[in-house]
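Remarks on the overall topology
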Amino acid sequence: MSDIHDETYGVGDDAPRAGMPSGERTFAAMPPAHGRGFAQTWWGQAWLKALEDTALDTQQLKAGRRLARAGAVGAVSVRPGRITAVVQDRDGSSHRSDVLLQEMSPEEWDRFLGMAIERAGHIAALLDREMPPHLVEDAVATGIELLPGIGDLEPECDCDAWDHCGHTAALCYQVARLLDQDPFVLLLMRGRGERELLDELQVRSVARTDAAATVEDGQDAAAEGVDAAEAYADGAILPPLPALPPLPEEPGLPPTLDTEVEPVPGLDVAAVEFLAAQAAVEGYRLLAEALAPGHDRLPVEGDLTVSEDAVRLAAAHPVRAVEARLSEVSDRGRDGLALAVRAWEYGGRAALQVLEEEWTPKGEAMARARAALDAAWDEDERPQLRAARNRWTVVGADAQLRHGRDGRWWPYRKERGRWAPAGAPAHDPATALAVAGGSE
């Protein structure tokens, strides 16, 4: 069961109770978070990244993590543009702490709602308490930044700190746990509560349906077209290119090979059907990336090797016969392939490289790694780590951190005598180690 409770009204209900400001939700104080990370979802981690990239004093971040883990953050009030809580310091004093986030303007909300009504899957995902990446990407395409970035989380605290203090940092760490459970919390901070948002979408949906019916009724009148000579004469004036088609909701289905015709000798029908289905999935992924904003500015990745591609295909869990062929092609063996698939599911090619590549950080890379490790724990909380190249193993525990070339930390756990991936990467080594189970 979730350890997060909305103490003012049920999840999804934005109607305030008597004496409560409109559009405000208040969540009960959360229990201590010892031995666990503050954000498990990608959007919760993006929230923490905005905090950690903004704060200038890493010692204050450490103090905030310590207070949050100890359960020192009281009830959290969330309303448009602001989150508030009373945080109890280690000396017993209490401080009101606020973090401000810019609300979206009415014009931005209009664009967001217009985008969302075109993709029913976005709203369905939010109702399932998920924030699909495509929702954020489609919002960015319309000029709307849902998730905060550097400098977007503005602190206010009665301790009079000029930057993020330990109190506002603790509040942000606890809000990451709220966001994990309910991404509508972020939308409320941006200016719309769940009930208000869903009501507006309902109104737009009805209007859109009525407009479509009107267009359909008028199609017969437009069927006569235009004069061909006039159209040719206007040909020198080229119209603008049409808008790109929207991304389909899911990959298409390949044609079935289940026919009455016997396959030619040597043709593995199951393997061909599997490859066709995976080609559709990969094509869908490539199209989604191509339609994403800023895609033209991203570096072009090299082609997968045969061995890497075998892992990608095996991650789709084919039938045993196909899996055996992939195991042979990947040159890993069945157990090795299963381990590689597990890594792939946590982070694709980057995770596979962390599993199989051992390298030594040098110069600036090593300095950044050591700084991250120093800032992750207080002196009395820091586990004893034994370093070997890009791997830091917890002394006396079956837990390990692996540092990727991209600066992220990957959790590993020893299982049956071998190191196995334990979860998705994190920018904070303490969070990654908590996933691996070696934080205590």
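Procedures and definitions
Every residue gets a number counted from 1 within its own chain, in the order that chain's sequence is written. The model is predicted, so local features are restricted to residues of pLDDT at least 70 and side-chain atom pairs to those at 80 or more, both for listing and for counting; the totals for chains, interfaces and linings are taken over all residues. Side-chain numbers here rest on the full set of heavy atoms in the structure, without hydrogens or water. Here, strands pair whenever DSSP counts at least two bridges between them. Going along the chain from the N terminus, every DSSP run of H or I of four or more residues is numbered as a helix, and every run of E of two or more is numbered as a strand. For helices, the axis comes from a line fit to the C-alpha atoms of the stretch in contact; other axes are also lines fit to C-alpha atoms, and the angle between any two N-to-C directions lies between 0 and 180 degrees. Here, nonpolar core refers to any group of buried Ala, Val, Leu, Ile, Met, Phe, Trp, Tyr and Cys residues whose side-chain atoms link them within 4.5 Å. Relative accessible area decides the class of each residue, using a 1.4 Å probe on protein chains only: under 20% of the type maximum gives buried, over 50% gives exposed, and in between gives partly exposed. Contact criterion: two residues are considered in contact whenever any of their non-hydrogen atoms come within 4.5 Å of each other. A residue counts toward a patch only above 30% relative accessible area and without a salt bridge, and it is joined to like-charged neighbours within 9 Å or, for Val, Leu, Ile, Met, Phe, Trp and Tyr, to nonpolar neighbours within 5 Å. Accessible areas in this description were obtained via Shrake-Rupley with a 1.4 Å probe; residue shielding takes into account the shown protein chains only. Counted as salt bridges are all cases of a side-chain nitrogen of Lys or Arg within 4 Å of a carboxyl oxygen of Asp or Glu. The predictor attaches a confidence to each residue, called pLDDT, with possible values from 0 through 100.

Considering the sheet that holds strand β4 (residues 94-100)
Pairing is antiparallel in the open sheet, where five strands are placed in the order β1-β2-β3-β4-β5. Bordering the open sheet on either side are β1 (25-27) and β5 (154-157), each of which pairs with just one other strand. If you compare each strand with its neighbour and ignore which way they point, the axes differ by 20° on average. Sheet analysis places strand β3 (residues 82-88) next to β4, joined by seven bridges and oriented antiparallel. Counterpart to V87 in the pairing with β4 is H95.

Digging into the nonpolar core
Considering soluble globular proteins, one finds that nonpolar side chains tend to be buried as a cluster. Ranked by size, the top nonpolar core spans 57 residues in total, and within it W47, V76, V78, F112, V175 and M189 carry the most contacts. It is helix α6 (residues 166-181) that contributes the most residues to this core, nine residues altogether. Setting aside anything within four residues of it in sequence, one finds F112 in contact with M104, L135, A139, I144, L146, L187 and L197. Counting residues in hydrophobic clusters, the runner-up holds 23 residues, among them A351, L355, Y412 and W419.

Things to note about the pairing of strand β2 (residues 76-79)
The sheet contact formed by β1 and β2 spans three bridges and is antiparallel. Each bridged residue has a counterpart across the sheet, and for F27 the counterpart in β2 is V76. Where β2 lies against β3, three bridges are found, and the strand directions are antiparallel. Across the sheet, residue S77 finds its bridge partner in β3, namely T84. Here β2 hands over to β3 after two residues, with G81 in that stretch at a positive phi of 85°.

Focus: a nonpolar patch on the surface
A surface patch of nonpolar side chains, about 320 Å² in accessible area, is lined by L257, V264, L267 and V272. Here V272 shows up in helix α10 (residues 269-291). We classify V272 as partly exposed; its relative accessible area is 34%.

A short note on the environment of Q384
In this fold, Q384 is placed in the loop between α14 (364-376) and β6 (385-388). Considering only alpha carbons, one finds Q384 and A397, 13 residues apart in sequence, at a separation of 9.7 Å. Residue contacts for Q384: discarding those within four places in its chain leaves T393, V394 and V395.

Overview of the confidence of the model for the chain
Confidence in the prediction for the chain averages 83 pLDDT; 86% of positions are at 70 or higher. No element of the chain has a lower mean pLDDT than helix α9 (residues 228-233), at 59, and none a higher one than strand β8 (residues 399-403), at 96. Overall, residues 8-22 carries pLDDT values under 50, and its contacts beyond four positions in sequence, including any with other chains, amount to 28 contacts.

A few points about the sheet that holds β8
Taken in spatial order, the five strands of this open sheet run β6-β7-β8-β9-β10, and their pairing is antiparallel. In this open sheet, the two edge strands, each paired with only one partner strand, are β6 and β10 (418-421). For this sheet, the mean inter-axis angle between neighbouring strands, taken without regard to orientation, is 30°. The pairing of β8 with strand β9 (residues 409-415) spans five bridges and is antiparallel. Bridging from a neighbouring strand, Q400 pairs with Y412 of β9.

A closer look at the pattern of salt bridges
Under the criterion given, the structure shown has 25 salt bridges. The closest approach of N and O atoms between D110 and R204, which form a salt bridge, is 2.5 Å. Taken together, the residues span a long stretch of sequence, with D110 in helix α3 (residues 106-118) and R204 in helix α8 (residues 194-217) at a distance of 94 residues. The partner of R285 in a salt bridge is E289, and the shortest N-O contact between them spans 2.5 Å. One end of the pair, R285, and the other, E289, are both in helix α10, four residues apart, so they sit about a helical turn from each other. One salt-bridge network, held together by shared partners, links E282, R285, E289, D309 and R312.

Focus on the environment of A280
Topologically, A280 is positioned in helix α10. The spatial distance from the C-alpha of A280 to the C-alpha of P251 is 5.9 Å, given a sequence separation of 29 residues. Each residue touching A280, except ones within four places of it in the same chain, is listed here: P251 and G252.

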